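Inside the fold
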Amino acid sequence: EIGSGLVGSEMCIRDRIWDVYHNITYKYRNQYEPKSSGSETTVTENSKTGIKFNGKYRLKNSNTGKWCDDANIYIIVFKDGSWRSHGNYGKINVN
């Protein structure tokens with residue numbers, strides 16, 4: 001990654017974080033799909049550092065099987081491989 005300003009160990013950590021993010025989106029691909037990507041920011045929560053991926057996702061209603069309106073969701077992947085997501089799920093049209 002020429003020009004990124006990252007050194008070897010930082011690139012390895014970033015690659016691991018990207019691997020976890022892609023595994024998450026692949027694992028849950030039948031429940032939501034990315035519609036557009038947004039920004040990536042470095043975050044620290046409870047002394048854990050990671051990357052916050054912001055984006056729009058289309059969610060599937062597990063009761064009806066219908067795809068719902070786009071939701072703004074973020075996924076945070078921490079350097080230790082743990083992750084969490086949050087979004088405006090309650091404002092999605094699920095009819």
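Up top is the structure.
Computed from a prediction, not measured in an experiment: that's the story for all the values here. (Residues numbered from 1 in each chain as written. Predicted model: local features only at pLDDT ≥ 70, side-chain atom pairs only at ≥ 80, totals over all residues. Heavy atoms only, no water.)

Here's the deal with the overall build of the protein chain
Regarding its fold elements, the protein chain presents one helix and four strands. The buried share of the protein chain, reckoned over its 95 residues, is 24%. For the protein chain, long-range pairs separated by at least 24 residues make up 43% of all intrachain contacts whose partners lie at least 6 apart in sequence. For the protein chain, the exposed area adds up to about 6400 Å²; of that, 48% sits on carbon and sulfur atoms. (Helix = DSSP H or I, 4+ residues; strand = E, 2+ residues; numbered from the N terminus. Buried < 20%, exposed > 50% of the residue type's maximum accessible area, 1.4 Å probe, protein only. Contact = heavy atoms within 4.5 Å. Areas by Shrake-Rupley, 256 points an atom, 1.4 Å probe, with all protein chains shown as cover.)

Considering the pairing of strand S3 (residues 67–78)
With 10 bridges joining them, strand S2 (residues 48–60) and S3 adopt antiparallel strand pairing. Paired with Lys56 across the strands is Asn72, a residue of S3. Counted between consecutive antiparallel strands, the loop separating S2 from S3 contains six residues, among which Gly65 sits at a positive phi close to 80 degrees. For S3 and strand S4 (residues 83–87), the ladder comprises five bridges, and the chain directions are antiparallel. Across the sheet, residue Ile76 finds its bridge partner in S4, namely Arg84. As consecutive antiparallel partners, S3 and S4 are separated by four residues, and within that stretch Gly81 has a phi angle of approximately 95 degrees, a positive value. (Pairing = 2+ DSSP bridges.)

Notes on the nonpolar core
In globular proteins that are soluble, nonpolar side chains generally tend to be buried together. Ranked by size, the top nonpolar core spans 12 residues in total: Ile17, Tyr21, Ile24, Tyr32, Ile51, Phe53, Tyr57, Leu59, Ala71, Ile73, Ile75 and Val77. Those elements that place two or more of their residues in this core are helix H1 (8–27), S2 and S3. (Core = buried A, V, L, I, M, F, W, Y, C linked by side-chain atoms within 4.5 Å.)

Here's the deal with the packing of aromatic side chains
Counted according to the given criterion, the structure contains three aromatic pairs. On the basis of an interplanar angle of 75 degrees and a centroid distance of 5.2 Å, the ring pair of Trp18 and Phe53 is categorised as edge-to-face. Of this pair, Trp18 sits in helix H1 while Phe53 sits in strand S2, and the two are 35 residues apart along the sequence. The exposure class of Trp18 is partly exposed, given its relative accessible area of 23%. Relative accessible area serves as the criterion here: at 4%, Phe53 is assigned to the buried category. For the pair Tyr21 and Phe53, a centre-to-centre distance of 4.2 Å together with 20 degrees between the ring planes defines the contact as stacked. On the criterion of sequence distance, the pair formed by Tyr21 in helix H1 and Phe53 in strand S2 is long-range, its members being 32 residues apart. For the pair shown, Tyr21 and Phe53 are each scored as buried. Ring pairing ties together the aromatic residues Trp18, Tyr21 and Phe53, which thus form one cluster. The side chain of Lys48 reaches across the aromatic face of Phe78, ending 4.6 Å from its centre. (Phe/Tyr/Trp six-rings, centres within 6.5 Å; stacked < 30°, edge-to-face > 60°. Lys NZ or Arg CZ within 6 Å of the ring centre and 35° of its normal.)

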